[in-house]
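These are the residues of each chain, in order.
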Amino acid sequence: MTEQRIAADVVAADNDRRAAALNADYATLGEKLDRDGIDIEVITQKVASFHVAVPSWGVGTGGTRFARFPAPGEPHDIFDKLDDCAVIHQLTRATPTVSLHIPWDKVDDLRRLKAHADALGLGFDAMNSNTFSDAPGQEKSYKLGSLSHTDAATRRQAVEHNIECIEIGRALGSKALTVWIGDGSNFPGQSHFTRSFERYLDSMKAIYQHLPANWRLFTEHKMYEPAFYSTVVQDWGTNYLIATELGEKAFCLVDLGHHAPNVNIEMIVARLIQFGKLGGFHFNDSKYGDDDLDTGSIDPFRLFLVFNELVDAEERRAEGFAPAHMIDQSHNVTDPVESLMRSANEIRRAYAQALIVDRAALDTFQEDNDALMASETLKAAFRTDVEPILAQARLRTGGAIDPIAAYRASGYRRKVAEQRPAVASGGGGIV
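About the cut-offs
Residues numbered from 1 in each chain as written. Predicted model: local features only at pLDDT ≥ 70, side-chain atom pairs only at ≥ 80, totals over all residues. Heavy atoms only, no water. Helix = DSSP H or I, 4+ residues; strand = E, 2+ residues; numbered from the N terminus. Buried < 20%, exposed > 50% of the residue type's maximum accessible area, 1.4 Å probe, protein only. Contact = heavy atoms within 4.5 Å. Polar contact = N/O pair within 3.5 Å; in protein donor to acceptor, adjacent residues only side chain to side chain. Pairing = 2+ DSSP bridges. Phe/Tyr/Trp six-rings, centres within 6.5 Å; stacked < 30°, edge-to-face > 60°. Lys NZ or Arg CZ within 6 Å of the ring centre and 35° of its normal. Axes fitted to C-alpha atoms, helices over the stretch in contact; angles between N-to-C directions. Parallel < 35°, antiparallel > 145°, perpendicular 65-115°, else oblique. Left-handed = near helix turned anticlockwise from the far one by under 90°. Nonpolar A, V, L, I, M, F, W, Y, C, P; charged D, E, K, R; others polar.

(A) Region of the structure containing the environment of asparagine 130. Looking at where asparagine 130 falls in the secondary structure, it is placed in the loop between strand S4 (127-128) and helix H5 (152-172). Look at asparagine 130 and you get buried, because its relative accessible area is 3%. C-alpha separation for the pair asparagine 130 and tryptophan 104, spaced 26 residues apart in sequence, amounts to 8.5 Å. Discounting residues that sit within four places of it in the chain, asparagine 130 has contacts with His101, Ile102, Pro103, Trp104, Tyr142 and His161. At 3.0 Å, the side chain of asparagine 130 forms a polar contact with the backbone nitrogen of phenylalanine 132. A polar atom in the side chain of asparagine 130 sits 3.0 Å from the side chain of serine 133.

Next comes the structure, spelled out in C-alpha cells:
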C-alpha cells in the first residue's frame, strides 16, 4: 500500500466541500462541449492519464544571482525530497515520477532509495548530470568548461561522471540521461568555436556508447548562462546537429526558458517533431530570459501553442513521437510544493485546451489561407475554462479538487519545518 504524507481524511474533507460545485461546473462544461461535438469524458480520461515528472531539486528553495534564502522545512537529502514529491503527486495525481540530479542526490545505498520511492508510489524519470558546478573533493574544476574543456583529463572526468549517472539510473529504473553543460566563453576570442564543439561531440560520443539499448539521451540547449558571450550548445539548430550526429537514441530537450524572449518555441517543437528528434521538455516560464518561473505564470498562451503542436502530432500519430515531460523551476519566494503543483496543473490545462481545438476547422482555414478564422479557432479553445476537467481528473484518480487548498489545510509545511532543522544559507548564485 502506498504511503501517504498527507492524511486521506484531510483531502477527503476538503473535496467534500467542493464536490457539488465541481459536478455542476463539469455538467455545464460538458453540455457546451457536446454542442461542439466533443465528449468531455474522453478529454477527462486523456488528461487523467497525462503525467509530468517533477525535479528533485525543485522542492528546495532556489537561489537568485546574488543570494539564496532558505525556507522553513527545506529537504535535507533525497529522502526528504521524495517525501515532498510524493505530496505533489498525492494531491495532483499528475507527477508519478521524479527526475534526479547527480551528485546532489547521490546516496550510498541505492536499494534503500529505490525502496523509499516504491513505498511512496514514485518512480524515477530521466537522470541529470552536473558538470556545470564543482562537487566537493572533485579533482578537476569545471570553471572553464567540462565536456568541451581544453584539458583532456577534465573532459574525461566529465564523461565518467555522466557514465556514473547512467549506472545509478539503471539501478533505479530510469531510462534516460539529460546532459546540460554551462561550457562557453565570456569574451570574444576566449575560445575557438569549432574546436570546442568538436571536443564536446567527442565527449558526448563517449557517453552515448555507454547508453543501454532501451535508454534515450537528451541534450539541452541554452543561449546563455553561465557563459554570456557564447555557449557551446546555444540553440535548437546546434542541438539538432548533436542529436543527429550521435545517433538514434539521442534527442533534443526543449526548455521553455532557454530561448530569447521573441523566439517562436512552438515552431521549434514542430520542426523537431517533423524530423523525429523531439526528446521532451523542461517546463517553466520566463519574462526576460532563463527565469525558471512557474509554468504558465507569464505566457500561458505560448504554453498552449506548444501543446497545440504536441496534440497535432499525437492525433496524426507522428512517427517516433514519444516526448518526455518534466518540470524545471527555481522557487525563491513561494513554497516549492505549491509552485510545482500549480505548474503540473497548468501543463495539464494547456493539454486539455489543445485537445478541444477543432482540428478539422483549423485545417480548412489554414488551407483557405483564412488567417483570422484559423487564429480564432485556436483562441476559442484557449479561452475555454477547462478547470472542471482538470479537477474531475484529479478527483477520480484519488487527488484533490483544489490541491493548494488541501495542502494548506493539511499543515504539511509547518509539520516538516518542525522535523527538519533550518538549513543555513550557503553562497549566492542560482542552483
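(B) Here's a closer look at the sheet that holds strand S11 (residues 324-327). Read from one edge of the open sheet, six strands run S4-S5-S7-S9-S10-S11, paired in parallel fashion. Of all the strands in the sheet, the pair left with one neighbour each is S4 and S11. Both strand S9 (residues 250-255) and strand S10 (residues 278-283) contribute to a ladder of four bridges, which runs parallel. Its bridge partner being in S10, valine 254 is matched across the sheet by phenylalanine 281.

(C) A look at the packing of aromatic side chains. In the structure shown here, the tally under the stated rule is 15 aromatic pairs. Ring geometry for tryptophan 104 and phenylalanine 132: centres 6.1 Å apart, planes at 80°, overall edge-to-face. Here tryptophan 104 is found in the loop between strand S2 (97-99) and helix H4 (110-119), whereas its partner phenylalanine 132 is found in the loop between S4 and H5, with 28 residues between them in sequence. Ring centres of phenylalanine 304 and phenylalanine 382 lie 5.5 Å apart, and the angle between their planes is 45°; on these two criteria the pair is classed as tilted. Separated by 78 residues along the polypeptide, phenylalanine 304 in helix H9 (residues 300-315) and phenylalanine 382 in helix H12 (residues 371-383) bring together distant segments of the chain. Since its relative accessible area comes to 22%, phenylalanine 382 is described here as partly exposed. Each residue in the set Phe50, Phe281, Phe283, Phe307 and Tyr351 is aromatic and connected to the rest through ring pairs, giving one cluster. Here lysine 249 stacks its cationic end above the ring of tyrosine 208, 5.4 Å away from the centre of that ring. The ring of phenylalanine 251 has lysine 277 lying over it, and the distance from NZ or CZ to the ring centre is 5.2 Å.

(D) Layout of the packing of helix H1 (residues 8-35) against helix H13 (residues 387-396). Two numbers describe how H1 lies on H13: the axes approach to 9 Å, and their chain directions differ by 130°. Here H1 is positioned oblique relative to H13, judged by the angle of their axes. The handedness of the crossing between H1 and H13 comes out as left-handed. Contacts from Asn15, Leu22, Asn23, Asp25, Tyr26, Leu29 and Leu33 in H1 reach Pro388, Ile389, Ala391, Gln392, Leu395 and Arg396 in H13. Counted by class, the contact of H1 with H13 contains eight nonpolar, three polar and two charged residues.

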